[in-house]
Amino acid sequence: MEIFQNATLATLQPGEQAYGLIPSGVIAVEDGIIRYCGTEQGLPAELKGQPTTDLGGALVTPALIDCHTHIVFGGNRAREFEMRLNGASYEEIARAGGGIISTVTATRSASHDELLAGALRRVDALLAEGVATLEIKSGYGLDIETELRMLRVARKIGHLRPVRIRTTFLGAHAVPADYGDDKDRYLTEVCLPALEKANAEGLVDAVDGFCEGIAFSTEQIARVFQKAENLGLPVKLHAEQLSNLNGAAMAAEHGALSADHLEYLDEDGVKAMKASGTVAVLLPGAFYTLREICQPPVELLRRHAVPIALATDCNPGSSPLSSLLLTMNMACTLFRMTPEEALAGVTREAAKALGLSDCGKLQEGLRADIAIWDAEHPSELSYRIGFTPLTTRIFGGLQ
């Protein structure tokens, strides 16, 4: 049993108190589970008199959750970053063979160990900011062998680092050059067989796709979702990033865990997401890097009470971002989200976006994934830029 007292607890439990805040709170951890979280006055009698650690008023939150990353990849795309600054659009670069396809080439040529070494550097940066749960997508192989290799690397990360990994199959990310524009043949010959093999090997927690003019139509994504549903796997979708193809509404019809990006989402899509319980995952790193001007409809999402999560979208092209704290700041400054919404977006709502119910809040019976910060108030986590106030990260009860 470990008991922390004199803590400012941001429980993220919904209620009248912003952040679910408990000043001068106490949190007790045993066997990797939160056994008590509340006021000193409410501490159970059997816990009184136990040894405690005085946190001196330090801020305690749930450990952070990065619910959308492409953190396993080969190479980098710094040259394309330069091209964009010289006037080329993301779509123009992609159609010229750059973008995702250039990363596919580098990823296919990288060994398991090379992919792992590169990914671990980025993962370590996130852990240093209090992240305890991390989603990792495939999608830079676009052949069966490399898609499986990416997912194996993702699983390996969970054995080498104290972090919970959720893997997502993203074979419907782009079409490799050797298939030209024959997207349906690629789905039939590569994507769907790769999903079957990955699932049989226990490598898949969810299935994703990229629904966009430069990627796949709603009808094509529906084929992937049908296969996922046949395998008993939940789905999610990259939707409405560059245009509105009504992908979010289609994803909602399939009961998707989340729809992500959403810059061009309209009110019909928002209503569909609300009806299905689909979480909106906003990715300000991609918005910033691509210098987009159409913002996701935060006010519409609020009005219809759609949960809003945030994530880094860590990837080599459109969001080379490996800081979830900076993501929170970006969401506040670019999208006008509040610091409370931002913190909820990387804890409580991010857990929902991954289909997890045992983390994301400070609550009795949940996992003891906890972050202790050198801060007095949770708004500080969104306020600072380039500063990590984390003092202690507790993962499953262990420091």
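Notes on the structure follow. Not measured: the values here are computed from a predicted model. (Residues numbered from 1 in each chain as written. Predicted model: local features only at pLDDT ≥ 70, side-chain atom pairs only at ≥ 80, totals over all residues. Heavy atoms only, no water.)

Section: the packing of aromatic side chains
Aromatic ring pairs are defined here through the distance separating the ring centres and the angle between the ring planes. Considering all chains together, one arrives at four aromatic pairs under this definition. With a centroid separation of 5.8 Å and 75 degrees between ring planes, the pair formed by Tyr-179 and Tyr-186 is classed as edge-to-face. The residues Tyr-179 and Tyr-186 share a single accessibility class, namely buried. Three or more aromatic residues link up through ring pairs in this structure, and these residues are Tyr-179, Tyr-186 and Phe-216. Just above the ring of Phe-73 sits the side chain of Arg-122; from NZ or CZ to the centre is 3.7 Å. Taking NZ or CZ as reference, Arg-367 lies 5.1 Å from the ring centre of Phe-395, over its face. (Phe/Tyr/Trp six-rings, centres within 6.5 Å; stacked < 30°, edge-to-face > 60°. Buried < 20%, exposed > 50% of the residue type's maximum accessible area, 1.4 Å probe, protein only. Lys NZ or Arg CZ within 6 Å of the ring centre and 35° of its normal.)

A short note on the state of the cysteines
Applying the stated criterion across every chain yields a total of zero disulfides. Looking at Cys-314, it has no disulfide partner, and the nearest cysteine sulfur is the one in Cys-67, 13 Å off. Exposure remark for Cys-314: the relative accessible area of 2% places this residue in the buried category. (Disulfide = S-S within 2.5 Å.)

Some points on helix H9 (residues 267-276)
Among all positions in H9, only Gly-269, Val-270 and Met-273 are buried. Around the axis of H9, the buried residues are gathered within 100 degrees of arc, so they sit on the same side. Facing away from the buried side of H9 by over 90 degrees, the exposed positions are Asp-268 and Ala-275. At its buried positions, H9 is contacted by helix H8 (247-253), strand E11 (258-261), strand E12 (279-282) and helix H11 (298-303). N-cap assignment for H9: the residue whose side-chain oxygen lies 3.3 Å from the backbone N of Asp-268 is Asp-266. In the stretch just after H9, Gly-277 is the one whose phi turns positive, near 80 degrees. (Helix = DSSP H or I, 4+ residues; strand = E, 2+ residues; numbered from the N terminus. Arc of directions from axis to C-beta. Contact = heavy atoms within 4.5 Å. Polar contact = N/O pair within 3.5 Å; in protein donor to acceptor, adjacent residues only side chain to side chain.)

Here's the deal with the sheet that holds strand E10 (residues 236-239)
Spatial strand order, E6-E7-E8-E9-E10-E11-E12-E13: eight strands in an open sheet with parallel pairing. Where the open sheet ends on each side, the last strands, each with one partner, are strand E6 (64-66) and strand E13 (308-310). Pairwise comparison of adjacent strand axes, ignoring direction, gives a mean angle of 25 degrees for this sheet. Here strand E7 (residues 131-137) runs beside strand E8 (residues 164-172); their pairing, made up of five bridges, is parallel. For Leu-134, the partnering residue across the bridge sits in E8 and is Ile-165. Most of the contacts of helix H7 (residues 218-230) go to strand E9 (residues 206-211), to which it runs at about 175 degrees, and overall it touches E8, E9 and E10. (Pairing = 2+ DSSP bridges. Axes fitted to C-alpha atoms, helices over the stretch in contact; angles between N-to-C directions.)

Comments concerning the pattern of salt bridges
Inspection of the entire model under this criterion finds 22 salt bridges. With a shortest N-O distance of 3.4 Å, Arg-149 and Glu-145 are connected by a salt bridge. Within this pair, Arg-149 and its partner Glu-145 are both found in helix H5 (residues 144-160), separated by four residues, close to a single helical turn. Assessed through its relative accessible area of 58%, Glu-145 is described here as exposed. (Salt bridge = Lys/Arg side-chain N within 4 Å of Asp/Glu carboxyl O.)

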